[in-house]
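Understanding the architecture of this molecule
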Amino acid sequence: MEKNGLLVIIFEIVCGLVCIGLGVYYICCGKGTNAAVFLVVGAGCVVMAVRTFIAMRKKKKDKEKNEDSENK
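Here's what I pulled together on the structure shown here. (Residues numbered from 1 in each chain as written. Predicted model: local features only at pLDDT ≥ 70, side-chain atom pairs only at ≥ 80, totals over all residues. Heavy atoms only, no water.)

Considerations on the overall build of the protein chain
Tallying secondary structure elements over the protein chain gives 2 helices and 0 strands in all. Taking 11 Å as the expected radius of gyration for a compact globule of 72 residues, we find that the protein chain reaches 18 Å, considerably beyond that expectation. Projected onto its principal axes, the C-alpha coordinates of the protein chain cover approximately 65 × 15 × 10 Å. Counting every position in the protein chain, which comprises 72 residues, the buried fraction comes to 14%. For the protein chain, the share of sequence-separated contacts (at least 6 apart) that also reach a separation of at least 24 residues comes to 49%. Of the roughly 5800 Å² of accessible surface on the protein chain, a fraction of 67% belongs to carbon and sulfur atoms. (Helix = DSSP H or I, 4+ residues; strand = E, 2+ residues; numbered from the N terminus. Rg over C-alpha atoms; globule rule 2.2 N^0.38 Å. Buried < 20%, exposed > 50% of the residue type's maximum accessible area, 1.4 Å probe, protein only. Contact = heavy atoms within 4.5 Å. Areas by Shrake-Rupley, 256 points an atom, 1.4 Å probe, with all protein chains shown as cover.)

Here is the structure:
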């Protein structure tokens, strides 16, 4: 299950970077509306990747804590 989570994180980061790159491109072209949309979507993707990573880390720590308490 962790492999799927890592794939999701990688996919979200790649999509975020692509969208941010398109946003920067549209800024250079002078298309402000498109730039704003792509920058917001890209930032959202990166934030979701960080959120997913933190949730996975917390779940792993909780699992280890539960295993330690059961072994005692």
